[in-house]
Amino acid sequence: MRRDRKMKQSDSRELRQAMTMFIGISMNMIIPIVLMTFVGVYFGKKFNLKWLPIPLFFVGVLAGGNNVYKEFKKFFKNDN
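Residues numbered from 1 in each chain as written. Predicted model: local features only at pLDDT ≥ 70, side-chain atom pairs only at ≥ 80, totals over all residues. Heavy atoms only, no water.

The secondary structure content of the protein amounts to two helices and zero strands. Burial analysis of the protein (80 residues in total) assigns 14% to the buried set. Sequence-distant contacts, at least 24 apart, represent 64% of the contacts inside the protein between residues at least 6 apart. Accessible surface, the protein: about 7100 Å² in total, of which carbon and sulfur atoms supply 66%. (Helix = DSSP H or I, 4+ residues; strand = E, 2+ residues; numbered from the N terminus. Buried < 20%, exposed > 50% of the residue type's maximum accessible area, 1.4 Å probe, protein only. Contact = heavy atoms within 4.5 Å. Areas by Shrake-Rupley, 256 points an atom, 1.4 Å probe, with all protein chains shown as cover.)

Dropping the structure here:
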């Protein structure tokens, strides 16, 4: 019975680690996209450039993708 309990605690720890990693990766992707879009909307309204949010959205996507790539690279480097 004790062995089963240890396995359940181990599974619980792995689940928490996976959820933490998923939330971290999600935040690393969402925050740059939202920030760059808001910056684009703000400066678009300020300087009357209605097209500005579109390229800044894609800059946010690239920045978020770069963050996620670095996070995965760090994760798999520590895994070996």
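On to unusual backbone geometry. Unusually for a residue other than glycine, asparagine 48 sits at a positive phi of about 55°. On the basis of relative accessibility, which here comes to 60%, the residue asparagine 48 falls in the exposed class.

Attention now goes to a nonpolar patch on the surface. A surface patch of nonpolar side chains, about 700 Å² in accessible area, is lined by Leu15, Met19, Phe22, Ile23, Met27, Ile31 and Leu35. Within the fold, methionine 27 resides in helix 1 (residues 2–46). The exposure class assigned to methionine 27 is partly exposed, which follows from its relative accessible area of 41%. (Patch = residues over 30% accessible without salt bridge, like charges linked within 9 Å, V, L, I, M, F, W, Y side chains within 5 Å. Salt bridge = Lys/Arg side-chain N within 4 Å of Asp/Glu carboxyl O.)

To continue, consider the packing of aromatic side chains. Tallied over the full model, the rule gives four aromatic pairs. Between the aromatic rings of tyrosine 42 and phenylalanine 43, the centroid separation amounts to 5.1 Å while the plane-to-plane angle is 75°, which identifies the pairing as edge-to-face. Seen in terms of ring centroids, phenylalanine 57 and phenylalanine 58 are 5.3 Å apart; in terms of plane orientation they differ by 80°. Their pairing is edge-to-face. Phenylalanine 58 gets classed as partly exposed once you look at its relative accessible area, which sits at 48%. By the ring-pair criterion, three or more aromatic residues cluster together here, those being Tyr42, Phe43 and Phe47. (Phe/Tyr/Trp six-rings, centres within 6.5 Å; stacked < 30°, edge-to-face > 60°.)

Inspection of the secondary structure assignment puts glycine 44 in helix 1. A relative accessible area of 6% means that glycine 44 is categorised as buried. For glycine 44, the residues in contact, after removing those within four places along its chain, are Leu49, Lys50 and Leu52.

Turning to its location among the elements, valine 41 is positioned in helix 1. Each C-alpha atom, one on valine 41 and one on isoleucine 54, is 9.0 Å from the other, the two residues being 13 residues apart in sequence.

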